[in-house]
Every structure is written in C-alpha cells, then in structure tokens.
Amino acid sequence: MEDSGGGAPDGGDPSTEPTVADGEQRPEVIEIASHGDVILDATFINSKETIRAARKAAPHPPRRPATAGELLPKARIRLAFRVDLATLRRQSKYFDKLLSDAHFREANEVTTAFAALQLQGIQPSSAAAADLPWISIHDDDGATSYAYRERVLADLLRILHGAEAKTPQSQLTMAFVTTLAVLADRFDCAAAVGRYVAAGLKFKWPATSRGAKQQLIRDGDGEYGGMSRASENVLRQKILVAWLLNQPVRFAAATKELILNGSCQWSSFGGEVEDETTSATWWYLQDGLEQELQTRRNCILNTLASVPRHFLQLYTSSRSVRQCKLGYDSSVACDSYQLGEIFKFLTNKGLLFIVDFAPSSLDAIADTALLSVDSVLATLRQCPGYQIDKNHTNCGLRTRLLPILDFVQGLLSANSVPISRAAWKSQRLTHAWMAGEEGEKKVVVNGGGVRGDVKERPFRFTRALAADQRLRFENAMGAEKFARDVFTATSWDWTAEEQAQEHVSTTPRWTIR
C-alpha cells in the first residue's frame, strides 16, 4: 500500500500534485527551498508492528473524516522534497559525499541532469520539478519503530535550510525528537539539528525520575517492582538524543538515572525476550554506552551488597574476633543475637535470600535488574539498633552501618557515576569503568572474591574517610576519581580500623587527593 499524495503528511503544504514521468507515477513534491535544484525522492517502509503500535497510541478516531494532521500510518509512504543542493552539501557530510563524489550513481545523475538543463538554457533553480535530478532515499523503521518519519525528514530538511519546523506542537513527542536525532545521525548533520533542538524547538522533555526516597517493592512473583517499560523507553530515548545532538547536561543526568534505576535488559538470569517494543536502536545504546552503563550499575550494586555481606562474615567466620562491644563482659550470646536479627532484617527486606544445595532453591533469588539503588540505601537505613539487653547499647549493626551508608551516598553524588559525554568521546579508555589500564576486567565474583585473571584492588574504610567533609558536597574536588576507585574495587573492608588491633593489615590506606 502506497500513499503519495493528499494533504501533506509532512505537516506542511504540498507544492505540486503527483505527476507521471517516463511512465512512472511520481509523488507530490514538498517545497523545502523555493529555488531548490534537487529532488529527494523518499520512500518510507513501516512494519506491521510499527503500524499497530502507532494506531494503538493514537487517540480514539473522531467521528469526522481525518484531517491532514491526523493521517493514519501506512505500510509505504512516498514523498519528494525540493531542496537546495549547495545548502544540503554544506550542512550534511553525507549528502556532500553522495552528491559530489563521482564514484556514486547519485552524483552522476545530478551532473547529467544539470548538463541537460544547461543545454536548454534553463537554470536548475527555476526548472520544473520533473526536469530536476531525482535522488532516491529509502528508510525503514528498524532503528526507530516510528511510523511518521516522513514528517521528521521534512522538518529535518527545513532545519538544514534555516527554516522553522512545521510539525504541530501536539505532535512533538519524545519519539519524534528521537527519530529526528537518529535521522540527523544517519545523514551526518547532527551539529545543525542539535543547535536547533537546543535553542529553537519548543519541546518539553518528559520527566522520568521517580524521586530519591523509595522503598523496596516486590510483586507477587517475588521480583522487584521498578521503572516501567514505558518510562525506561523514554529515558533511553533521552540518552540517545543527548548523545547524538551534543547535550552533555541532559546526557549525564539521564545516564545516572538509568544506572541507579536499572533496566529490564540487564537481567542476571538470561537475556530479555526481544519484541517490537525493544527492537529500536536506543534499547541497545551505541558506541559502548550500553555495556558501560550496565558495568557501572553492577559496580555500585556490588559495593552496596558488600556492606551487609561484610558484617555477616564477621559474625559467622570462625577466624573473626567477638563483635560484642561491652568490653570485658562481651558475650557470645550477644553476637548470636545480633547475627539472628541481622539475618532476619535482611531477608524480610528482600536484600538476602536463603539458598542451599538444592537446585530449586535458586528460584528464591529475585532478579535485581530493576532494583533501585536509592531504595536499597533507604532500606538499609531502616536497620534498627538491636540490643540483647539495656547494657549492650553499641552492639547493634545500625551504629556501624549508618556512617558507611553516608559515605556511599556521598560517592553517588560524584561526577564519576554518570557518563561524561565529552570524556566518553575523547578519553574513553581512562573514563570507562569496564576495564583498567592494562585491560583487566573489574569483576567481583560471588562472596566478594576475585577471579584469578583480575588485578586485585582492595578498599579499606576508615573513620578519616567517614569524617571527610568533601564527600558531603556534590562535585567536590577529588571525589570523582575516588568514587570510581571505590566502586571498581575488587574487595571492601568496612571495619578495617576495628580489626587493626587483632592483626596487621597489608591493605593500603586510601585518601582523597
């Protein structure tokens, strides 16, 4: 099914009606430049899934006939755009190469058509559309899953020619802007489009943040309830647009939000089943961004999980000293009581799972792909100050846990948690968390151990670090590198000074420089 006329589906007014040339039905021509000398003949192909999704997202059909702005998506749409060759080549490296390099058929067609017009004494800018060179462009919906790409291309060409976009405000959705960025990247004109989106496009970016203070919520299947698929779709679109159109502030904020909230694509129990809603290009971000975002989230979760694991190991290890703080009257009963209460608190809050040698016990582990980092911090702060009697006032986990949580919260406000667009463009090797300087992977295995092929990077937490005032302020000097070093460590000792009297540690001390 092909639509090639009737009502300007690009949002503007058609300049000419469909014509027949050389026995071929040609589409209507949208006049982008009044004195244009080249025709871009664009064909847009939409899949059944894209059409179905567009019709589902559209409002209920009115009882009156659809107007130009309410055209339903079609499987195949063909439109032509009259553009200025010099402007197109100046703004787009893609078209500059395509229409000027003799190695390309399109460049030869332009040269031949201009030569024919010159023999007739006709200037290309004043020639009829049928006499100008027609350059074919084919576009499918594989990258964007957006059914109205003809409107986006029309506005993109207007932007390149210094005009205003004509798409109505009501149709300027996140999907529209994302498709604009994807097409700008395809035609290598992201700089011009980025400047217009930042300054000229009247678009309100949708909010996806859920707030800082959250509680752990698990559904009936025992999984964590997190960001919805629709919210993640918008958030990923924001990341892609900010990356392609050079918006570093939005890019940093959006990447940090995805790192802290997680993704349905990052399940630890196998890959997510792909469907039409996750086939668009932003569901696997380009240029290594997808892997880096997942790595940073895993590093932060590993660091957070090491805190309760460390204290459980202190209470259960036969080599650990007694944890009771009552001095000469310290008792094994106090340690046993604290271990039981810590275990009960963590299991009731969904932060610890009981797994034994039965293979079926693995089903008790919840998928943490959508587990919010902020909700984990908020839940750990709820740990009560357990005490076996009134004399054991400082034996509970809460007294030792809160300074560590304050320290981690300070690290999360550092600039190193989100991805810096400039650093990822120019200094990717030094900015990435995925691998170290020698290429070794920073991966923590179960139990906090380190694989044999990984360079050990231990971290020791001290009272001096907990009291450092620089971590209490966002973007503090030195905090960025320090936060990266802590989160990418291979092991964490959260009670290093408490155990100093029992043994001499060989772990190096860390300071902020």
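Reference entry: report on the structure contained in this document. Please read these numbers as outputs of a predicted model, since none were measured by experiment.

Rules used in this analysis
Residues numbered from 1 in each chain as written. Predicted model: local features only at pLDDT ≥ 70, side-chain atom pairs only at ≥ 80, totals over all residues. Heavy atoms only, no water. Axes fitted to C-alpha atoms, helices over the stretch in contact; angles between N-to-C directions. Helix = DSSP H or I, 4+ residues; strand = E, 2+ residues; numbered from the N terminus. Parallel < 35°, antiparallel > 145°, perpendicular 65-115°, else oblique. Left-handed = near helix turned anticlockwise from the far one by under 90°. Contact = heavy atoms within 4.5 Å. Nonpolar A, V, L, I, M, F, W, Y, C, P; charged D, E, K, R; others polar. Salt bridge = Lys/Arg side-chain N within 4 Å of Asp/Glu carboxyl O. Buried < 20%, exposed > 50% of the residue type's maximum accessible area, 1.4 Å probe, protein only. Phe/Tyr/Trp six-rings, centres within 6.5 Å; stacked < 30°, edge-to-face > 60°.

Observations concerning the packing of helix 10 (residues 289-316) against helix 11 (residues 332-348)
To describe two helices that pack against each other, one gives the angle between their axes and the distance between the axes.
Moving on, step 1. The geometry of helix 10 relative to helix 11 is characterised by a closest axis approach of 10 Å and an angle of 150° between their N-to-C directions. In terms of orientation, helix 10 and helix 11 fall into the roughly antiparallel class. Crossing of helix 10 over helix 11 shows left-handed handedness. Residues Pro308, Leu312, Tyr315 and Thr316 of helix 10 form the contact with helix 11, whose own contacting residues are Asp335, Gln338, Leu339, Ile342 and Leu346.
Moving on, step 2. Class assignment of the residues belonging to the contact of helix 10 with helix 11 gives a composition of six nonpolar, two polar and one charged.

Let's talk about the side chain of Thr87
Moving on, step 1. Position of Thr87 relative to the elements: it lies in helix 2 (residues 85-91).
Moving on, step 2. Those residues in contact with Thr87 that sit more than four places away from it in its chain are Leu160 and His161.

Here we look at the pattern of salt bridges
Moving on, step 1. The full count for this structure, using the stated rule, is 15 salt bridges.
Moving on, step 2. Residue Arg381 is joined to Asp406 by a salt bridge in which the shortest nitrogen-to-oxygen separation is 2.9 Å. Residue Arg381 is found in the loop between helix 12 (373-380) and helix 13 (397-412), and its partner Asp406 is found in helix 13; the two are separated by 25 residues along the sequence.
Moving on, step 3. Looking at Arg381, the relative accessible area reads 29%, which means it is partly exposed.

Remarks on the packing of aromatic side chains
Moving on, step 1. This model, assessed by the stated rule, comprises 14 aromatic pairs.
Moving on, step 2. A ring pair is formed by Phe459 and Phe482, whose centres lie 6.3 Å apart and whose planes are at 65°; its orientation type is edge-to-face. Of this pair, Phe459 sits in strand 8 (residues 458-460) while Phe482 sits in helix 17 (residues 479-487), placing them 23 residues apart in sequence. Phe482 carries the same exposure label as Phe459, and that label is buried.
Moving on, step 3. One aromatic cluster in this structure is built from Phe407, Phe459, Phe461, Phe482 and Trp494.

Here's the deal with the environment of Ala75
Moving on, step 1. Take Ala75: it is sitting in the loop between helix 1 (48-57) and strand 6 (76-83).
Moving on, step 2. Considered as a pair, Ala75 and Thr50 are 25 residues apart in the sequence and their alpha carbons are 9.0 Å apart.

Any functional reading would require information beyond the geometric quantities listed.
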